[in-house]
Amino acid sequence: MPFAQRLNKEPAVLHGARWLLVITLALTAVACGPKLITGRAPFVSIAGMTLDGGSLETSYDIANQNGVKMNIDEFEVRVTLETAELAHLLRREKLPIDANSSERVTDRSQPDDSALDPLRSLESGDTDSLPFSLEGRVHTLDDGYLRFEQKGHLYRVPGRPGQFRAAVMRASELVRENKL
């Protein structure tokens, strides 16, 4: 018996049950698909540092890990070597970052000798690496304040006096700050 004739002879309930099963499977597949990430703090890292006399230029990469555009209107980051503050940047300006992309922010500062002496020791080769701590927060129009923090080591760039790179050893969970 041809398929079309068999289909006409099946009870309507059985035919409807098959369609219901197909629709249920399709909806389940869509519901189990990838979720759009939102509300996550950016991953902020040191892209590079350059020491020129008593002046330190630090570049930061700010990576948006969300599936939607991040509209930052305040960015603050602090880098410390043990207890000495090496760099501190506070910017209150618009910094839009597209979904799953990054931007670079550069700052020039004049740290105290207590922070520069270990960096000079690293530059001369007396020290192989320096442990650092990076922490800060951003303020976004959609999510409020989002904190970030990480620990790592600074290394000199071979053949480039006064230039340093960073390696992250541990990044803490990125969290949203509660408004009081």
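Here, the structure is the one placed above.
Please read these numbers as outputs of a predicted model, since none were measured by experiment. (Residues numbered from 1 in each chain as written. Predicted model: local features only at pLDDT ≥ 70, side-chain atom pairs only at ≥ 80, totals over all residues. Heavy atoms only, no water.)

(A) Here's a closer look at the pattern of salt bridges. Applying the stated criterion to the full structure yields nine salt bridges. Across the pair D113 and R120 runs a salt bridge, and its minimum N-O distance is 3.7 Å. When its relative accessible area of 49% is taken as the criterion, D113 is described as partly exposed. In this structure R120 comes out as partly exposed when scored by relative accessible area, which is 31%. Among the charged side chains, a salt-bridge network with shared partners connects E76, R78, E85 and R137. (Salt bridge = Lys/Arg side-chain N within 4 Å of Asp/Glu carboxyl O. Buried < 20%, exposed > 50% of the residue type's maximum accessible area, 1.4 Å probe, protein only.)

(B) Highlighting the pairing of strand β3 (residues 70-81). Extensive coverage of β3 is indicated by the burial of nine of its 12 residues. Where β3 lies against strand β5 (residues 95-97), three bridges are found, and the strand directions are antiparallel. Looking at the pairing, N71 lines up with P96 of β5. Pairing between β3 and strand β7 (residues 130-140): eight bridges, direction antiparallel. Bridging from a neighbouring strand, R78 pairs with E135 of β7. Bridging between β3 and strand β4 (residues 84-91) involves seven bridges; their strand directions are antiparallel. From the neighbouring strand, T80 faces β4, where its bridge partner is E85. Where β3 folds back onto β4 in an antiparallel hairpin, the turn is made up of two residues, including E82, whose phi is positive at roughly 55 degrees. (Helix = DSSP H or I, 4+ residues; strand = E, 2+ residues; numbered from the N terminus. Pairing = 2+ DSSP bridges.)

(C) Region of the structure containing the packing of aromatic side chains. Following the criterion strictly, the structure yields two aromatic pairs and no others. Between Y60 and F75 the ring centres are 6.4 Å apart and the planes differ by 65 degrees, which places this aromatic pair in the edge-to-face class. One end of the pair, Y60, is in strand β2 (residues 55-63); the other, F75, is in strand β3, with 15 residues separating them in the sequence. Among the residues examined, F75 registers a relative accessible area of 3% and is labelled buried. Ring geometry for F75 versus F148: centroids 6.3 Å apart, planes at 15 degrees, classification stacked. With F75 in strand β3 and F148 in strand β8 (residues 144-156), this residue pair connects regions lying 73 residues apart in the sequence. (Phe/Tyr/Trp six-rings, centres within 6.5 Å; stacked < 30°, edge-to-face > 60°.)

(D) Region of the structure containing the nonpolar core. The biggest cluster of nonpolar side chains holds 33 residues, and the ones touching the most others in it are Y60, F75, V79, L86, L119, L134 and L154. For this core, the elements supplying multiple residues, two or more each, are β1 (43-52), β2, β3, β4, β5, α3 (113-124), β7 and β8. Counting residues per element, this core draws most heavily on β3, which supplies six residues. Leaving out residues up to four positions away in the same chain, V79 has contacts with I46, M49, Y60, A84, E85, L86, A87, F132, S133 and L134. (Core = buried A, V, L, I, M, F, W, Y, C linked by side-chain atoms within 4.5 Å. Contact = heavy atoms within 4.5 Å.)

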